[in-house]
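One letter stands for each residue in the lines below.
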Amino acid sequence: MLRIAVPNKGVLSEPAAEMLAESGYRQRRSTKDLAVYDPDNDTEFFYLRPRDIAVYVAAGTLDVGITGRDMLLETAPDDGEGPVAVEVMSLGFGRSSFRFASPVESGIEKVEQLARKRIATAYPVLLRRFLEESGIEADVVKLDGAVETACRLGVADAVCDVVETGTTLRAAGLHIIGEPVLTSEAIMVRREGPRRSRPSPSCGAGSRACSSPAST
Ligand SMILES: Nc1ncnc2c1ncn2[C@@H]1O[C@H](COP(=O)(O)OP(=O)(O)OP(=O)(O)O)[C@@H](O)[C@H]1O
Ligand SMILES: O=P(O)(O)OC[C@H]1O[C@H](OP(=O)(O)OP(=O)(O)O)[C@H](O)[C@@H]1O
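Nothing here was measured: the structure is a model prediction, and the numbers come from that model. (Residues numbered from 1 in each chain as written. Chains lettered and ligands numbered in written order. Predicted model: local features only at pLDDT ≥ 70, side-chain atom pairs only at ≥ 80, totals over all residues. Heavy atoms only, no water.)

Asker: I'd like to hear about the site of ligand 1, residue by residue, with values.
Answerer: Of all residues adjacent to ligand 1, which total 16 residues, the nearest are Arg-49, Arg-51, Asp-70, Ser-96 and Glu-164. Interatomic distance of 3.0 Å between a side-chain N/O atom of Arg-49 and an oxygen atom of ligand 1. Note that an oxygen atom of ligand 1 is positioned 3.2 Å from one of the side-chain N or O atoms of Arg-51. Here ligand 1, which alone exposes 620 Å², has 76% of that area covered by the protein. Listing elements by their share of the shell around ligand 1, those giving two or more residues are α2 (50–59) and α3 (69–75). Here the residues of the shell around ligand 1 are counted per class, giving six nonpolar, four polar and six charged. (Near = heavy atom within 4 Å. Polar contact = N/O pair within 3.5 Å; in protein donor to acceptor, adjacent residues only side chain to side chain. Areas by Shrake-Rupley, 256 points an atom, 1.4 Å probe, with all protein chains shown as cover. Helix = DSSP H or I, 4+ residues; strand = E, 2+ residues; numbered from the N terminus. Nonpolar A, V, L, I, M, F, W, Y, C, P; charged D, E, K, R; others polar.)

In structure tokens form, the structure reads like this:
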């Protein structure tokens, strides 16, 4: 049986379910349903937070999942240790970019000016990686959402957030700084085993035990 993770809410949820239904898979009838079994395709669908989907797939408890590229890189980064989830294909919906923005009147116009500033984000792993690669030292303020309001309320000097149309940024009096840190869209992910750890001598190729999270 195939076990597939599908976003249970957020902008990826509806198009993901529609895509699966159009492909002939049974989908949930109510947004309260947590899982659905499709006997015709011997497939079980689990409706999970997009932020959690790559975690389940990387752990090997689900075979594949639909999430955002930014979510995958945030929650199951390939740091060379242990199993990861990897992108199999892009799905053509949920397009967005992950970008810096600051208050129009802040005088911050370039990414380099973010040094020693406080940057609010819901994607601290992605942001820290970018800052490290760019040699910029800044304070990362982790928030869960509505990140654009952080500057107005004084907890950050700039933000790094998901932008689609730019409407939310503009409404908060922010302007974009620099190029996108990442461009994202909905993707399908599957598990990939550890890259750098040595194979255990007791594990034969394709052994189920070798792909369980406990063995990594
Ligand atoms: N306009 C948009 N707003 C938000 N996310 C978008 C948008 N367009 C595409 N996405 C993508 O949808 C995914 C975010 O999903 P969701 O809306 O559930 O996020 P979230 O609100 O941060 O989630 P959570 O509440 O679980 O932390 C990301 O992959 C993001 O890139
Ligand atoms: O560029 P836009 O078209 O305005 O879209 C981007 C906005 O939408 C998302 O927020 P969401 O609605 O997911 O709420 P959240 O910030 O609480 O996650 C994202 O975090 C931005 O705030």
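Asker: How would you summarise the site of ligand 2 if you had to cite specific residues and measurements?
Answerer: All residues adjacent to ligand 2 are Gly-145, Ala-146, Glu-148, Asp-161, Val-162, Val-163, Glu-164, Thr-165, Gly-166, Thr-167 and Thr-168. In the environment of ligand 2, an oxygen atom lies 2.8 Å from a nitrogen or oxygen atom belonging to the backbone of Glu-164. Look at ligand 2: alone it shows 490 Å² of surface, and the protein chains cover 59% of it. Elements with a contribution of two residues or more to the shell around ligand 2: β9 (158–163) and α5 (167–171). The biggest single contributor to the shell around ligand 2 is β9, with three residues. Residue composition of the shell around ligand 2, by class: three nonpolar, five polar and three charged.

Asker: Report on the domain arrangement of the protein chain, specifying residues and quantitative values.
Answerer: One frequently used descriptor of interface size is the decrease in accessible area upon assembly of the parts. Per the domain assignment, the segments making up the protein chain are domain 1 (2–94 + 186–215) and domain 2 (96–183). Listed per partner, the contact involves eight residues of domain 1 and 10 residues of domain 2. For the domain 1 and domain 2 pair, buried surface summed over both sides reaches about 810 Å², with 50% attributable to carbon and sulfur atoms. For domain 1, the biggest contributors to the area lost against domain 2 are Asp-70, Leu-73 and Glu-74; these three give 62% of the whole. (Domains from an automatic or database assignment. Contact = heavy atoms within 4.5 Å. Buried area = accessible area lost by both parts, 1.4 Å probe.)

Asker: Can you lay out the side chain of Glu-74 for me, pointing to particular residues and giving the numbers?
Answerer: Note that Glu-74 resides in helix α3. Once residues lying within four places of it in the same chain are set aside, the contact partners of Glu-74 are Arg-51, Ala-122, Tyr-123, Pro-124, Val-125 and Leu-126.

Asker: Tell me about the pattern of salt bridges, and name the residues and values.
Answerer: What the rule picks out here adds up to five salt bridges. Where Asp-157 meets Arg-118, a salt bridge forms, and the shortest distance between an N and an O atom there is 3.0 Å. On the criterion of sequence distance, the pair formed by Asp-157 in the loop between β8 (139–142) and β9 and Arg-118 in strand β7 (residues 118–121) is long-range, its members being 39 residues apart. We note a salt bridge from Asp-144 to Lys-142, for which the minimum N-O separation is 2.9 Å. For Asp-144, a relative accessible area of 72% puts it in the exposed group. Linked through salt bridges whose partners overlap, the residues forming this network are Arg-69, Glu-87, Arg-95 and Glu-185. (Salt bridge = Lys/Arg side-chain N within 4 Å of Asp/Glu carboxyl O. Buried < 20%, exposed > 50% of the residue type's maximum accessible area, 1.4 Å probe, protein only.)

Asker: Kindly report on unusual backbone geometry, identifying the contributing residues and their values.
Answerer: Although it is not a glycine, Asp-42 sits at a positive phi angle of roughly 45°. One can find Asp-42 in the loop between β2 (35–38) and β3 (43–48). The phi torsion at Arg-116 lies on the positive side, around 65°, for a residue other than glycine. Considering the arrangement of structural elements, one finds Arg-116 in the loop between β6 (96–103) and β7.

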